[in-house]
Amino acid sequence: MAKVGVYVCHCGSNIGGVVDVETVRKHAETLDDVTVSRENLFMCSDPGQEIIRQDIRDGLVDKVVVAACTPRTHEPIFRKVLEGEGLNKFFFEMANIRDQDSWVHAHDHDGATAKAQKIVDSAVAKAKHLMPLEEKYVDVTQAALVIGGGVAGIFSALELANMGNKVYLVEKDPSIGGVMAQLDKTFPTNDCSACILTPVMVEAGTHPNIEMLTYAEVDAVEGYIGNFDVKIRKKQSYIDWKKCTGCGDCADACPVRTPNEYNAGLDNRSAAYIHFPQAVPKKAVIDMESCINCGGRKIGSETRISKKTGKPILAPCERACPAEAIDRSKPLDPQGEILDVKVGTIVVATGYKVMEKDNFKSLAPDSPNVLTALQLERLISATGPTGGKFLRPSDNVKPKTINFLSCIGSRDERYHTHCSRVCCMYMIKQAKLLKEKYPDLQIYMHFMDVRTPGKDFDEYYTSALEMGIKIIRGRVGGIDMLLEDKLKVMAYDADLAQNIEIDSDLVVLATAIELQDDIKPLAQKLSLTLDGSGFFKELHPKLKPVETPVEGVFLAGCCQGPKDIPDTVAQAKGAAAAAAVPLAQGRVKIDPTISEVNRDKCSGCGICEPLCPYGAITMTKDADNHSRAIIEMTQCKGCGVCTTACPSAAIELHGYSENQIMAQIEALTL
Amino acid sequence: MAALNLSTMSQEEVIQAVVDHGGEGITRCIQCNACASVCPVAKAGFPLFGRLLFRKLQTGHYEEIIEDPSSWACQACNRCTEICPRDARPFEIVFAFRRMQAEELAISTSAFTPLMNLHATGHAVYADSAKELRQSVGLPELPETSVADEKAQQEIQTLLENGPMGELGIF
């Protein structure tokens, strides 16, 4: 016969303020097999835990029920108590009388007290049937994968690599650097983005522990913490990177003109191109979508010999390449190449994009003088389309008036309800840089409110005021296109309580930060979920900010939510530290509350196999040539779907066995 | 009210004038309204209290507010100066604006009489009727201040007539 100890917790006033704890304690005493029933203000405190320890030591108790809060946070604490006293730690059951009772019935004391007793009945009924379980361990592959080569991915990779771990750094573009490589200066110190980022990019590119895989994407992820099997698709660059020296001659020779992503579409690049001047690695690629196959030089086509000259007819890019890295007669696979890597942990640092101006029809998106803030960033950058000259795109004339519009697509039910967090600050930065360089420039900034929560941020903002930059409280509703490429900004000054109109040469839209459109397939591959704002969801908003529901997968940077560079770097280093823990431990624990097939009962019907969300079930043949289900313990998460679906009741979910569940139901319904 | 076209007005000129008249904190105002929360002018219901006055000036609205009498209701209590989180010294901006108003002879009638009293007697607030009351309690008809001292009155008049106010030609 089991000796069940019941310990009812007040949880301060969380439970004690609603539920009559003494009534619940007394009730527990009357239950079969309950040998002791006690209460404490905080069962999780040291003295609370000691009560349980003493009862175990005294031989009064061999199964423990704590009626308190949630097992999510507190089960590990109490299991440790049992373990410390030599009991199997799975001889523990938690009755959640807080989240499921006192919190939801705060105004019904009697009802909540009655419900608490039922919940305790159920936990005791299960506790009587608890079986000992044993944790297992699997070895960890000593390597990590970092997805995304922006500032977050670079820092995660460097941290992990500096700890001595092998790191695969995957970047979809030809170069690492991400959005930060597109920025001119960075707030609140105005240091040059490239000047501070390029050395770090080079460090990542040359680190002996980092294998940089640019122009590559994650194709498939299988496995589990400690042992992920990842397929990485190295996209086809059509240029032999082993030979390419990054001279850029192919780009100069290529006649194609297509919008340049690096300059946010403000100018054009060729089909054969180098991502940007400081690219790491500095290698050229040919964008086959815009390539026009000069001279009929389709990839894989036979090289024809000119009748006139007797020389082979080559495309301009081939002719231009001094390193002979381009050979269009080779039948290169447009799908590229698949690399298989094994890693123990994964850091997702896929970054973000800003909304395009075309989404906002009332803000004159058709005018070339309406720019997104990222476009302005390129316009004033020394590596930008004008070489850093501040010129109005429509006519290349220096603007006299510029208006900055905040919250475009942010804090807006029609687009995104979240605050994009960095716009106030980067717009102030842009305004200050322009005002410093061109003191006569009239700068108007329109804000619903100015958000500057960061070190030295508000000082940065108020100094902009004192420079003569005009801050106007009020969201801009519309822009009219006027003659001579002018724009009429229709705004409202809340402090004057008056409509205002400003004729402007240039308008800058701080468009919302959002995840890339093509991020969902990656989320599915990693089994990650998105939050209400559409960003990757962390495991806990406060206490597990870099962890995800998928063990061994961590988040860093803007893919988890908008943030500035200092916060991104901090989170990247945090994610790297978290991802390094399993690698350092060398093995990971497998929770024993998972499902197992009783092969004697299994009929081999196969119903369970496609139901498993984790792909943990396979059908294997036994010696009798009969196919039966088997569950891979490292992949099972203990969800119980197979257990309920099995028509032969051949699958047992340990820790939630049929007799335990039935006993609970009986206790609740009697 | 028609929408104003801010871009045709010289905000810089207005702000510079305020600075030149002693309101150098005008560029620091962030429109937080702390000054308004304690301002007797705002509490008494005058429309152009500190914060709003500063906004009008920041945005170059000068012509339309020059005749407004609100600024003359300022009691110079200086609570705004004490609480301003930006050290914009709001009281000084209000007085800078008053000086600009005075230059345009846009002096409120409520301020004009005290000004003339000051010139005549050395007191901004002075009532002739006090003479009888003083006599009835056994005091001299006039107090021993500039009221009873012609030489002192002349000195005060000299000061006023030779300062910026003398240029207004009101004395």
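Residues numbered from 1 in each chain as written. Chains lettered and ligands numbered in written order. Predicted model: local features only at pLDDT ≥ 70, side-chain atom pairs only at ≥ 80, totals over all residues.

### A word on the domain arrangement of chain B
Here is step 1 of the chain: The domain boundaries assigned to chain B delineate domain 1 (9–103) and domain 2 (109–163).
Here is step 2 of the chain: For domain 1 of chain B and domain 2 of chain B, the distance between their C-alpha centroids amounts to 30 Å. (Domains from an automatic or database assignment.)

### Things to note about the sheet that holds strand S2 (residues 34–40) of chain A
Residues and elements named next belong to chain A.
Here is step 1 of the chain: Read across the sheet, four strands follow the order S2-S1-S3-S4 without closing on themselves; strand pairing throughout is parallel. At either end of the open sheet lies a strand with only one pairing partner, and these are S2 and strand S4 (92–96). Each strand axis lies, on average, 15 degrees off the axis of its neighbour in the sheet, ignoring direction.
Here is step 2 of the chain: In this sheet, strand S3 (residues 63–68) lies alongside strand S1 (residues 4–9) in parallel orientation, the contact comprising five bridges. Looking across to S3, one finds that Val 4 is bridged to Lys 63.
Here is step 3 of the chain: The sheet strands contacting helix H1 (residues 21–29) are S1, S2 and S3, and the helix crosses S2 at an angle near 170 degrees.
Here is step 4 of the chain: In the packing of helix H3 (residues 71–84) onto the sheet, contacts are made with S3 and S4, and the angle to S4 comes to roughly 145 degrees. (Pairing = 2+ DSSP bridges. Helix = DSSP H or I, 4+ residues; strand = E, 2+ residues; numbered from the N terminus. Axes fitted to C-alpha atoms, helices over the stretch in contact; angles between N-to-C directions. Contact = placed C-beta atoms within 7 Å.)

### Details of the interface of chain B and chain A
Here is step 1 of the chain: Listed by partner, the interface residues are 14 residues for chain B and 16 residues for chain A.
Here is step 2 of the chain: Elements supplying a minimum of two residues to the side of chain B that touches chain A: strand S1 (4–5) and helix H4 (50–58) of chain B.
Here is step 3 of the chain: Residues that form the side of chain B that touches chain A fall into these classes: five nonpolar, five polar and four charged. (Nonpolar A, V, L, I, M, F, W, Y, C, P; charged D, E, K, R; others polar.)

### Quick look at the domain arrangement of chain A
Here is step 1 of the chain: The domain architecture assigned to chain A consists of domain 1 (4–128), domain 2 (143–233 + 341–351 + 534–540 + 551–587), domain 3 (236–335), domain 4 (353–514) and domain 5 (595–653).
Here is step 2 of the chain: Once you take the C-alpha centre of each, domain 1 of chain A and domain 3 of chain A turn out to be 70 Å apart.

### Re the nonpolar core
Residues and elements named next belong to chain A.
Here is step 1 of the chain: By size, the foremost hydrophobic cluster in this structure holds 171 residues, and its most contacted members are Ala 144, Val 347, Met 427 and Val 508.
Here is step 2 of the chain: Setting aside chain neighbours within four positions, we find Met 427 in contact with Ala 373, Phe 404, Ser 406, Met 445, Val 508 and Ala 510.
Here is step 3 of the chain: Of all hydrophobic cores here, the second largest spans 40 residues; its members include Cys 9, Ala 28, Val 64 and Ala 67. (Core = buried A, V, L, I, M, F, W, Y, C linked by C-beta atoms within 7 Å. Buried ≥ 20, exposed ≤ 12 C-beta atoms within 10 Å, placed from the backbone.)

### Looking at the environment of Thr 593 of chain A
All names here are of chain A.
Here is step 1 of the chain: Turning to its location among the elements, Thr 593 is positioned in the loop between strand S30 (587–590) and strand S31 (595–597).
Here is step 2 of the chain: Take Thr 593: there are 16 C-beta atoms within 10 Å of it, and that puts it in the partly exposed class.
Here is step 3 of the chain: Taking the C-alpha atoms as reference, Thr 593 lies 59 Å from Ile 292; in sequence the two are 301 residues apart.
Here is step 4 of the chain: For Thr 593, the residues in contact, after removing those within four places along its chain, are Gly 638, His 654 and Gly 655.

### Examining the sheet that holds strand S27 (residues 506–511) of chain A
Residues and elements named next belong to chain A.
Here is step 1 of the chain: On the basis of which strands lie adjacent, the open sheet formed by five strands has the order S20-S27-S21-S22-S23 and parallel pairing. Both edges of this open sheet fall to strand S20 (370–372) and strand S23 (470–473), since each of them pairs with a single strand only. Averaged over all pairs of adjacent strands, the angle between strand axes in this sheet comes to 20 degrees, irrespective of strand direction.
Here is step 2 of the chain: With four bridges joining them, strand S22 (residues 442–447) and S23 adopt parallel strand pairing. Paired with His 446 across the bridge in S23 is Ile 472.

### Things to note about unusual backbone geometry
Residue and element names in this part refer to chain A.
Here is step 1 of the chain: With an omega dihedral of -5 degrees, the bond running from Phe 187 to Pro 188 counts as a cis peptide bond.
Here is step 2 of the chain: Counting through the fold element by element, Pro 188 comes out in the loop between strand S8 (185–186) and strand S9 (191–192).
Here is step 3 of the chain: Phi angles above zero are rare outside glycine, and Asn 625 is one such case at about 65 degrees.
Here is step 4 of the chain: You can see Asn 625 is positioned in the loop between strand S32 (617–621) and strand S33 (627–631).
Here is step 5 of the chain: Owing to 6 C-beta atoms within 10 Å, Asn 625 belongs among the exposed residues under this scheme.
Here is step 6 of the chain: Positive phi, normally seen in glycine, also occurs at Ala 649, with a value near 50 degrees.
Here is step 7 of the chain: Residue placement: Ala 649 occurs in the loop between helix H16 (641–645) and strand S34 (651–653).
Here is step 8 of the chain: By C-beta crowding, Ala 649 is classed as exposed, having 11 other C-beta atoms within 10 Å.

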